[in-house]
Amino acid sequence: NFISSVVPPDEIGVKFDDIGALEDVKRTLDELVALPMRRPELFSHGNLLRPCKGVLLFGPPGTGKTLLAKALATEAGANFISITGSSLTSKWFGDAEKLTKALFSFASRLAPVIIFVDEVDSLLGARGGALEHEATRKMRNEFMAAWDGLRSKENQRILILGATNRPFDLDDAVIRRLPRRIYVGLPDAENRRKILKILLAKENLEADFKFDELANATEGYSGSDLKNLCIASAYRPVQELIEEEKKGRGSGSSSHLRPLVLDDFIQAKAKVSPSVSYNA
Ligand code: ATP
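Chains are numbered independently. Their residues run from 1 in the order of the written sequence. Owing to the predicted nature of the model, reporting of local features is limited to residues with pLDDT of at least 70; listing and counting of side-chain atom pairs is limited to 80 or more, with chain, interface and lining totals taken over all residues. Here the side-chain values reflect all heavy atoms present in the structure, with hydrogen atoms and water set aside.

It is characteristic of soluble globular proteins that their nonpolar side chains tend to be buried jointly. Take the buried residues of types Ala, Val, Leu, Ile, Met, Phe, Trp, Tyr and Cys, join any two whose side-chain atoms come within 4.5 Å, and each joined set is a nonpolar core. Only protein chains enter the calculation, and the probe is 1.4 Å; a residue is then buried if its accessible area is under 20% of its type maximum, exposed if over 50%, and partly exposed in between. Leu29, Val55, Leu68, Leu72, Ile114 and Leu161 are the most contacted members of the largest nonpolar core, which totals 48 residues. Those residues in contact with Leu72 that lie beyond four places of it in its chain are Phe16, Leu29, Val33, Ala34, Ile114, Leu159 and Leu161. Core analysis: the second largest hydrophobic core is formed by 23 residues, Ala107, Val120, Phe143 and Trp147 among them. Contacts are residue-level and defined by heavy atoms, with any inter-residue pair within 4.5 Å sufficient.

Take a look at the structure:
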């Protein structure tokens, strides 16, 4: 069905520190979500401080929205449920009402819980238009109604965290349910350097590896692009070794891969280019 995973906080395996850059976003999420989930008693007095029930992360693909959602659940000590918006609108003709209710009653029993809805834009009604299948429409309406039921439970520590690459496609129905919206953008050179440091922390690099130079050479790369670039680069010493072995040389020391050098990354750029050509 449409739940892709349910993970308890100590099994998620991603913390804020594992995410390079996005310092402001992490701070905001900590204040808005993690703190109220960890310390609900601090938010139960007066009228000014209310736990937030819906947050939207928006920005280009591969910038770390899913990673942020997981890390946030770890930091908040919350169970993590992940759902993909498009799976609700695809060929999903089961008993909509029953399954949606089951999902949401399951979720509320798991509180504190963060329900991550990726591709939340696919939940809106308008785009389906006249061609939309009746069952899909029904499913979506059920989902929205159950979502509202969940939001109205004042004392429960439940957060819906939506993510989208297409903020302009969101309609009022979704916007209304996600009152706090946070932009997750492409990293600048300094932030690319921080991401690369994390991605390459355990790799065998040449001495004095020039992180600055690589960061400057990867304008337009998202965190995900940088990861793919690192993977492609890490293959180069492996391929060289295999070539050497084929030529009958290098035997004996065959298990020794040379360290990665900056040029591996520069060469790998030909294979992995930035996937986003806009910054929206
Ligand atoms: P999409 O919108 O395509 O779903 P996303 O914004 O959810 O993308 P993620 O799935 O979180 O992006 O990122 C993909 C992968 O890229 C991550 O698993 C991680 O390895 C790497 N990555 C992205 N951003 C960062 C970052 N800021 N720090 C470290 N790794 C990152």
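Turning our eyes to something else, we now look at helix 9 (residues 223-246). The helix count covers DSSP runs of H or I at least four residues long, the strand count covers runs of E at least two residues long, and both are numbered beginning at the N terminus. To estimate the expected span of a helix, count its residues, drop one, and scale the result by 1.5 Å. Between its terminal C-alpha atoms helix 9 stretches 35 Å, which fits the 34 Å expected from 24 residues at 1.5 Å a residue. Those residues of helix 9 lying buried are Gly223, Asp225, Leu226, Leu229, Cys230, Ala232, Ser233, Pro237 and Leu241. Looking at the buried side of helix 9, the elements it contacts are helix 7 (189-199), helix 8 (211-216) and helix 10 (262-268). Positive backbone phi, approximately 85°, marks Gly248, located one or two places after helix 9.

With that settled, the discussion passes to the packing of helix 7 against helix 9. Think of two packed helices as two axes; the pair is described by the angle between the axes and how far apart they sit. Remark: helix 7 packs on helix 9, axes separated minimally by 10 Å, with the N-to-C direction vectors making an angle of 45°. With respect to each other, helix 7 and helix 9 are oriented oblique. As for how helix 7 packs across helix 9, the hand of that crossing is right-handed. Contact residues: Arg192, Ile195, Leu196 and Leu199 in helix 7; Gly223, Leu226, Lys227 and Cys230 in helix 9. Taken together, the residues of the contact of helix 7 with helix 9 sort by class into five nonpolar, one polar and two charged. A fitted line through C-alpha atoms serves as each axis, taken over the contacting stretch for helices, and the angle formed by two N-to-C directions is quoted from 0 to 180°. The scheme is simple: roughly parallel for angles under 35 degrees, roughly antiparallel for over 145, roughly perpendicular for 65 to 115, oblique for anything else. Handedness of each helix crossing follows the sense of rotation of the near helix against the far helix: counterclockwise by less than a right angle gives left-handed, clockwise gives right-handed. Side-chain classes are defined by residue name, with Ala, Val, Leu, Ile, Met, Phe, Trp, Tyr, Cys and Pro counting as nonpolar, Asp, Glu, Lys and Arg as charged, and the others, Gly among them, as polar.

Let us now look at the site of the ligand. If even one non-hydrogen atom of a residue comes within 4 Å of a molecule or strand, that residue is called near it. Near the ligand there are 17 residues, and of these Gly20, Gly62, Lys65, Thr66 and Asn165 occur at the shortest range. Between the ligand and Gly64 there is a distance of 3.0 Å, counted from an oxygen atom to a backbone nitrogen or oxygen. At a separation of 2.9 Å, an oxygen atom of the ligand approaches a polar backbone atom of Lys65. Here, Shrake-Rupley sampling with a 1.4 Å probe gives the accessible areas, and only protein chains in the shown set may cover a residue. With the chains in place, 80% of the 630 Å² that the ligand exposes on its own is no longer accessible. Judged by the fraction of its atoms near the pocket grid, the ligand is located in the largest pocket. The set of elements that each furnish at least two residues to the shell around the ligand consists of helix 2 (65-76) and helix 9. Across the shell around the ligand, the residue classes break down as five nonpolar, eight polar and four charged. Between N or O atoms, a polar contact is any pair within 3.5 Å; within protein, one atom must be a potential hydrogen donor and the other a potential acceptor, and residues adjacent in sequence are included only when both atoms are from side chains. Detection works on a 1 Å grid of protein atoms alone, calling trapped sets that fit a 1.4 Å probe cavities and calling open sets with protein on both sides within 12 Å along at least five of seven lines pockets, with lining residues defined by an atom within 4 Å of a point. Molecule-in-pocket calls rest on the fraction of atoms, with more than half required to lie within 2 Å of the cavity or pocket grid points.

Moving on to the pattern of salt bridges. A pairing counts as a salt bridge when a side-chain nitrogen of Lys or Arg comes within 4 Å of a carboxyl oxygen of Asp or Glu. Considering all chains together, one arrives at 13 salt bridges under this definition. When the shortest N-O distance is used, the salt bridge between Glu23 and Lys26 registers 3.6 Å. One end of the pair, Glu23, and the other, Lys26, are both in helix 1 (residues 23-38), three residues apart, so they sit about a helical turn from each other. Note on Glu23: relative accessible area 36%, which makes it partly exposed. Here Arg258 makes a salt bridge to Glu240, at a shortest N to O gap of 2.8 Å. One end of the pair, Arg258, is in the loop between helix 9 and helix 10; the other, Glu240, is in helix 9, and 18 residues separate them in sequence. By relative accessible area, Arg258 is classed as partly exposed at 28%. Here the salt bridges do not stand alone but share partners, grouping Arg236, Glu240, Arg258 and Asp264 into one network.

Attention now moves to empty space enclosed by the protein. Gaps left between atoms are located by rolling a probe of water-molecule size over the structure's atoms. Grid points are joined across faces, edges and corners, and a volume is the space filled by probe spheres set on the points. The final tally for this structure, using the stated rule, is one cavity of 30 Å³ or more. Its boundaries defined by the atoms lining it, the largest cavity holds a volume of some 70 Å³. The wall of the largest cavity is formed by 11 residues, among which Met37, Pro51, Cys52, Arg157 and Ile158 lie closest to the centre. If you list the elements that add at least two residues to the lining of the largest cavity, you get helix 1 and strand 5 (158-164). Take the lining of the largest cavity: its biggest share by element is four residues, from helix 1. When the residues that make up the lining of the largest cavity are grouped by side-chain class, the tally is eight nonpolar, one polar and two charged.

This part covers the packing of helix 1 against helix 2. Between helix 1 and helix 2, the shortest axis-to-axis distance is 9 Å and the interhelical angle comes to 40°. Viewed along their axes, helix 1 and helix 2 adopt a mutual orientation that is oblique. Here helix 1 and helix 2 pass one another in a crossing that is right-handed. The segment helix 1 lies against helix 2, with Val25, Lys26, Leu29, Val33, Ala34, Met37 and Arg38 engaging Leu68, Leu72, Glu75 and Ala76. Tallied by class, the residues present in the contact of helix 1 with helix 2 amount to eight nonpolar, no polar and three charged.

Shape descriptors only; they carry no functional weight alone.
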